[in-house]
Amino acid sequence: DDNQQKIDYMYKIIVIGDSAVGKTQTLSRFVKNEFCFDSKSTIGVEFQTRTITINDKVIKAQIWDTAGQERYRAVTSAYYRGALGAMLVYDITKRQSFDNIARWVDEILTHADKSIVIMLIGNKADLSDRREVPTEDAVEYAQQKGLFFSETSALKGDNVESAFFKVLEEIYGVV
Ligand code: GDP
Ligand code: MG
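Position labels on residues start from 1 in each chain and follow its written sequence. Numbering of ligands from 1 and lettering of chains from A proceed in the order in which they are written. Two thresholds apply to this predicted model, a pLDDT of at least 70 for residue-level local features and 80 or more for giving and counting side-chain atom pairs, whereas whole-chain, interface and lining totals are computed over all residues. With hydrogens and water set aside, each side-chain value is computed from the structure's full complement of heavy atoms.

As recorded in an unreviewed UniProt entry, the protein chain goes by Ras-related protein RABA3 and comes from Papaver somniferum. The Sequence similarities (unreviewed entry) comment attached to the protein chain in UniProt states, word for word, "Belongs to the small GTPase superfamily. Rab family." UniProt positions are given in the numbering used here, feature names are shortened, and annotations may be inferred rather than shown by experiment.

This next bit is on the pairing of strand β6 (residues 148-151). Strand pairing is assigned whenever DSSP identifies at least 2 bridges connecting the two strands. In DSSP terms, a helix is any run of H or I states spanning at least four residues, a strand is any run of E spanning at least two, and both are numbered starting from the N terminus. Where strand β5 (residues 117-123) lies against β6, four bridges are found, and the strand directions are parallel. Looking across to β6, one finds that Leu 120 is bridged to Phe 149.

What follows covers helix α4 (residues 101-111). Exposure classes here rest on a 1.4 Å probe applied to the protein chains alone. A residue is buried below 20% of its type maximum, exposed above 50%, and partly exposed in between. Buried within α4 are the following residues: Ile 101, Trp 104, Val 105, Glu 107 and Ile 108. Projected down its long axis, α4 shows its buried positions confined to an angular sector of 160 degrees, all on one face. Note on definitions: a residue-residue contact is assigned when non-hydrogen atoms from the two residues lie within 4.5 Å. Buried positions along α4 lie against β1 (9-17), α2 (77-80), β4 (85-91), α3 (95-99), β5 and α5 (135-145). Of all possible arcs, the one meant is that of the directions from the helix axis to the C-beta atoms.

Attention now goes to the site of ligand 1. Working definition: residue near molecule or strand if any one of its non-hydrogen atoms lies within 4 Å of it. The environment of ligand 1 is formed by 17 residues, the closest being Ala 20, Lys 23, Gln 25, Asp 126 and Ala 154. Between N or O atoms, a polar contact is any pair within 3.5 Å; within protein, one atom must be a potential hydrogen donor and the other a potential acceptor, and residues adjacent in sequence are included only when both atoms are from side chains. In the model, an oxygen atom of ligand 1 is placed 2.9 Å from a nitrogen or oxygen of the Lys 124 side chain. One of the backbone nitrogen or oxygen atoms of Ala 154 is found 2.8 Å away from an oxygen atom of ligand 1. Per-residue and other accessible areas follow the Shrake-Rupley method at a 1.4 Å probe size, with only the shown protein chains counted as cover for residues. For ligand 1, the protein covers 81% of the area, taking 580 Å² as the surface of the free molecule. Ranked by the residues each element gives to the shell around ligand 1, the list is headed by helix α1 (residues 23-32), at three residues. Note that Gly is not counted as nonpolar here; it falls among the polar residues with everything else outside the nonpolar set of Ala, Val, Leu, Ile, Met, Phe, Trp, Tyr, Cys and Pro and the charged set of Asp, Glu, Lys and Arg. Residue composition of the shell around ligand 1, grouped by class: six nonpolar, six polar and five charged.

If you want it as structure tokens, here you go:
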């Protein structure tokens, strides 16, 4: 229970990307180590928190989820305000969700601080038989844009923890 703990830093992280790519499940995998099979699409949710330790410093990650406003430009600037990190999620089985990543990067850079740490995430890596986005395409895009990159499975839990830790450690190193 992190109410008893002294918090050294509070980092706001946003989760962003097209609808149904697995943003909410990725967040709940990191925060609660849970995957919910019958989750309804999120309405009105704000944030969840998880407290971690880096170099003996207690860091509270406040992770924001969109509330079904993922249509282009429907996410308000308040969502981005003060965010130090962004988990930018697409679905490896939906090419369109990867093709829309450039728009989301534009949105992030328009509304958030320029030093925001961005992790590009190809989620649903467990569905490799239905893959529409080759890993190399994402690696190349991430390199071009200076983003971190990881493929994850919120369902199996693969790489979710390490992707969030990478962002939090990077923020810790910068701030
Ligand atoms: P959001 O709209 O981006 O928040 O997407 P959700 O987290 O609600 O997930 C959308 C759908 O994809 C749900 O049916 C989830 O069960 C499913 N899903 C999410 N993550 C994964 C994953 O890693 N693997 C698989 N196979 N399905 C996933
Ligand atoms: Mg959601």
